[in-house]
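# Results of the structural survey
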Amino acid sequence: MEKDSELYQLYTGVLREELIPAMGCTEPIAIAYAAARCRALLGCLPERCRLEVSGSIIKNAKSVIVPNTGGEKGLETALAAGIVAGDADRELQVIAAVRQDQIPGIRAFLSQTAVEITPAGNGIAFYIDVTEYAGEHSARVVIAYYHTNIIRMEKDGRLIFDKSATQAPQSHGTDRSRMSVEGIWEYVNTVDLAEVEELIARQIRYNTALSEEGLRNPWGARIGRILMDESGGDLRMRARAAAAAGSDARMNGCELPAIIISGSGNQGLTATMPVLVYGEALSSSREQLYRALVLSDLITAHQKTGIGSISAFCGAVCAGVGAGCGVAYLQGADYDAICHTIVNALAILSGMICDGAKSSCAAKISAAVDAGLVGYAMYRHGQQFYGGDGIVKKGVENSINSVSEIAREGMKKTNDCIIDVMLKK
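One structure accompanies this document, and this report is about it. Each chain has its residues counted from 1, following the order in which its sequence is written. Only residues with pLDDT of 70 or above have their local features reported here, since the model is predicted, and side-chain atom pairs are shown and tallied only from 80 upward, although totals for entire chains, interfaces and linings are computed over all residues. Based on all heavy atoms of the structure, the side-chain values leave hydrogens and waters out of the count.

Attention now goes to the pairing of strand β4 (residues 127-134). Note on exposure labels: buried denotes an accessible area under 20% of the residue type's maximum, exposed denotes more than 50%, and partly exposed covers the range between, all computed with a 1.4 Å probe on protein chains only. Runs of E in the DSSP output that reach at least two residues are strands. Runs of H or I that reach at least four are helices, and both are numbered from the N terminus. Burial within β4 is extensive, with seven of its eight residues counted as buried. Where strand β2 (residues 48-53) lies against β4, six bridges are found, and the strand directions are antiparallel. If you follow Val-53 over to β4, its bridge partner there is Ile-128. The pairing of β4 with strand β5 (residues 137-144) spans eight bridges and is classified as antiparallel. Looking at the pairing, Ala-134 lines up with His-137 of β5. Turn length for the β4-β5 hairpin, with the two strands adjacent in sequence and antiparallel, is two residues, and the turn residue Gly-135 shows positive phi of about 60°. One requirement defines pairing of two strands: DSSP has to find at least two bridges between them.

Next up on the list: the packing of helix α6 (residues 181-190) against helix α11 (residues 286-307). Helix packing geometry: the angle between the two helix axes and the distance between the axes. To obtain an axis, a line is fitted to C-alpha atoms, over the contacting stretch when the element is a helix, and the angle between two such axes runs from 0 to 180 degrees between their N-to-C directions. Their axes nearest at 9 Å, the elements α6 and α11 cross at an angle of 160°. Classified by the angle between their axes, α6 and α11 sit roughly antiparallel to one another. Note on packing geometry: the crossing formed by α6 with α11 is right-handed. Side by side, α6 and α11 meet where Val-181, Ile-184, Trp-185, Tyr-187, Val-188, Asn-189 and Thr-190 of the first sit next to Arg-291, Val-294, Leu-295, Leu-298, Ile-299 and His-302 of the second. By residue class, the composition of the contact of α6 with α11 is nine nonpolar, three polar and one charged. Each angle is binned into one of four classes, with values under 35 degrees roughly parallel, values over 145 roughly antiparallel, values of 65 to 115 roughly perpendicular, and all other values oblique. By definition, turning the near helix anticlockwise from the far helix through less than a right angle yields a left-handed crossing, and turning it clockwise yields a right-handed one. Contacts are assigned to residue pairs that have any heavy atoms within 4.5 Å of one another. Any residue outside Ala, Val, Leu, Ile, Met, Phe, Trp, Tyr, Cys, Pro, Asp, Glu, Lys and Arg is labelled polar, Gly included; the first ten of those are nonpolar and the last four are charged.

Taken together, the four bridges between strand β6 (residues 150-155) and strand β7 (residues 158-162) define a ladder with antiparallel strand orientation. When the sheet's bridge partners are listed, Met-153 is paired in β7 with Phe-161. Counted between consecutive antiparallel strands, the loop separating β6 from β7 contains two residues, among which Asp-156 sits at a positive phi close to 55°.

This brings us to the sheet that holds strand β3 (residues 114-119). Spatial strand order, β3-β2-β4-β5-β6-β7: six strands in an open sheet with mixed pairing. Edge positions in the sheet fall to β3 and β7, since each has one partner strand and no second. Pairs of neighbouring strands in the sheet enclose a mean axial angle of 10°, with direction left out of account.

This part covers the side chain of Arg-176. One can find Arg-176 in the loop between β7 and α6. With residues near it in sequence (within four places) discarded, Arg-176 still touches Val-14, Glu-17, Glu-18, Ala-301 and Thr-305.

A few words now on helix α12 (residues 316-330). Helix span, expected: 1.5 Å multiplied by one less than the number of residues in the helix. Between its first and last C-alpha, α12 extends 21 Å over 15 residues, near the 21 Å set by a 1.5 Å rise per residue. Counting buried residues in α12 gives 15 out of 15 residues, a clear majority hidden from the surface. Just past α12, the residue Gly-332 takes up positive phi, approximately 90°.

In structure tokens form, the structure reads like this:
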């Protein structure tokens, strides 16, 4: 692929958009970001607040611990943390610099301030609408489609920013519709690593630190530690453990940032850690490792493009497939092997639902990584799933599109049902 070609620039742009740092689960952090931006617009601490959010945001923010809040959970906590101690200029690291002496202020704000939370009924899967009031003044900030995408701002009822009329759902700076497995493969093998070195090195550094923290200390359900204890040195189990351990930590309040993919730290960890574990075991060169991670990242992002940033489909599956491809690359896989790895892995685990962010995400990550690794193992043993086997279609892009359609369209009612079940007392 020529360095000055549009496709080369597309894939480089996707990596730059995707591989960004975030501290904490990204849905409550997006609430904190909107709240902090709204407070800055208001100019003072609000006396009351209104938060209107889509059901999927409720699902993903309900049960996960918000970092730097003293172990508190929930939408109200995320909102208060952003208002009291957030730095909106840091976007998805909005509450990364909260000081210990600010935490009591977050709790006090929650106890003294009326917060109204209502479900949004506009059909937008990713929607956060924050309004803050102080005396006769008010401010409003709306985020839609993905985590930092502000589409509307108002001050005292006056519109000061609006891109809702031109904002396409799931739009990014890059045209993701041109992505393909074939194009990704060509890019992986031709990219000038100097252009992506800083991104990939940061991905390795941040996500390794989270994984090691999860293995070292008893976070959440300790899935990573359990898998490591049960591994007996088995490489595949260690790869699953490394990915799960990072989720153990970040789902339970760890204050270390992750490098995210498709708006998710869990997906970033899943796409990263198995490749690193195999790279070390295989004594892979730095170049092999970096190219394998680029492959894992882009395969993950490509699958998620057709699904959307948030749905009833567990995004860890996409990242597990990406990781399987990255591991296959380290073992000398060719393009045909990568295609079969993707199709096989999607056929194995494409039905796993997302029931919100919480401790069990680590276990789902373990299962997703295993599916990716089994997908490649099947290919090495001369086995595959064929077009017509369930949702599998002839051709890797057709199989990806099948899963995307099911996740994006078919699982809308499933998502509503999941949310209803979660909110029942």
